[in-house]
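These are the residues of each chain, in order.
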Amino acid sequence: MLLDNLSDLFQRGLEYAWDCEHLLLKHLPKMSESATAQDLKHSLDVHTVETKGHVYRLEQVFTRLDRAPAAEKSEPIRILVEESEKMIAHLDRSPLMDASLIFSANQIEHYEIGLYGSLIAFARTLGLEEVASLLDEILGEEKTADQTLTRIAEGSINRAASNVHNTPPFAII
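Every chain is numbered on its own, with residues counted from 1 as its sequence reads. Per-residue local features are limited, in this predicted model, to residues with pLDDT of at least 70; the limit for side-chain atom pairs, both in listing and counting, is 80 or more; totals at the level of whole chains, interfaces and linings are taken over all residues. As a convention, hydrogens and water are excluded, and side-chain values are obtained from all of the structure's heavy atoms.

A. Representation of the overall build of the protein. Labels follow the DSSP assignment, with helices taken as runs of H or I lasting at least four residues and strands as runs of E lasting at least two, numbered in each case from the N terminus. Counting secondary structure elements, the protein contains five helices and zero strands. In sequence order, the secondary structure elements of the protein are arranged as α-α-α-α-α. Seen through its principal axes, the protein has C-alpha atoms that stretch 55 × 35 × 25 Å. In this scheme, a residue with accessible area under 20% of its type's maximum is buried, one over 50% is exposed, and one in between is partly exposed, where area comes from a 1.4 Å probe on protein chains only. Counting only residues that meet the buried cut, the protein has 45% of its 173 residues in that class. Long-range pairs, those at least 24 residues apart, make up 79% of the contacts in the protein between residues at least 6 apart in sequence. Accessible surface area values rest on a Shrake-Rupley calculation with a 1.4 Å probe, where residue burial reflects the displayed protein chains alone. Carbon and sulfur atoms make up 56% of the accessible area of the protein, which totals about 9,400 Å². Think of it this way: Lys and Arg go in the positive column, Asp and Glu in the negative one, and His and the chain ends go nowhere. For this purpose, a charge sits on NZ of Lys, CZ of Arg, CG of Asp or CD of Glu. The average position of the 16 basic charges and that of the 28 acidic charges among the side chains of the protein differ by 3 Å. Residue contacts follow a heavy-atom distance rule, with two residues in contact if any of their heavy atoms lie within 4.5 Å.

Written out as structure tokens, the structure reads:
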């Protein structure tokens, strides 16, 4: 897709969001199955349900714009998911696995937060307030997911992961 104007960039961003959410519908359940901590598993399951809502909202956006999503792929999210899958494949189910899942999920959430923040700004500039509102609902859920994951990591997971394989603490010099 060539970009001639902000509307074209907005369309491309929406297609990235579409690809991202569909990819995560496949990946989040794998992450949940790999989690050992129940609060992490629950958080990932809740976000899977929210992601289904994100797809529904994006369908509403495309309908309001009288457009259909094209096959534009979001390479950044594909790389993040691929790295997450590598960690899942190479780590034992342990607190270290949980820490790596949160590490991956936070990176994914930050990508989505940046993506949706930009899309909202584009929508408002283009006078698409209803679309911006739908996208803002998604952004709010992405931010909450990121905060929840961080709270879980800081609450117990990171400390438990530091004891896996006798991980020595870093010395402060």
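On we go from here.
B. Local environment of the environment of L126. Along the chain, L126 falls in the loop between α4 (95-125) and α5 (129-162). In the structure, L126 is positioned 25 residues away from R151 in sequence and 36 Å away in space, judged by C-alpha atoms. When neighbours within four sequence positions are excluded, L126 is seen to be in contact with L6, S7 and F10.

C. Structural detail: the nonpolar core. The definition of a nonpolar core used throughout is a set of buried Ala, Val, Leu, Ile, Met, Phe, Trp, Tyr and Cys residues joined through side-chain atoms within 4.5 Å. L14, L40 and L135 are the most contacted members of the largest nonpolar core, which has 45 residues in total. Residues contacting L40, with those up to four places away along its chain left out, are A35, D98, L101, I102, L149 and I152.

D. Layout of the packing of helix α3 (residues 75-90) against α4. Put simply, α3 and α4 touch, their axes get as near as 10 Å, and they point 175 degrees apart. With respect to each other, α3 and α4 are oriented roughly antiparallel. In this structure, α3 contributes P76, I77, L80, V81, S84, M87 and I88 to the contact, and α4 contributes M97, S100, L101, F103, S104, Q107, I108 and Y111. Looking at the contact of α3 with α4, its residues break down into 11 nonpolar, four polar and no charged. The axes are straight lines fitted to the C-alpha atoms, using for helices just the contacting stretch, and the angles between their N-to-C directions are given from 0 to 180°. For this classification, under 35 degrees means roughly parallel, over 145 means roughly antiparallel, 65 to 115 means roughly perpendicular, and everything else is oblique. Note on residue categories: nonpolar means Ala, Val, Leu, Ile, Met, Phe, Trp, Tyr, Cys or Pro, charged means Asp, Glu, Lys or Arg, and polar means any other residue, Gly included.

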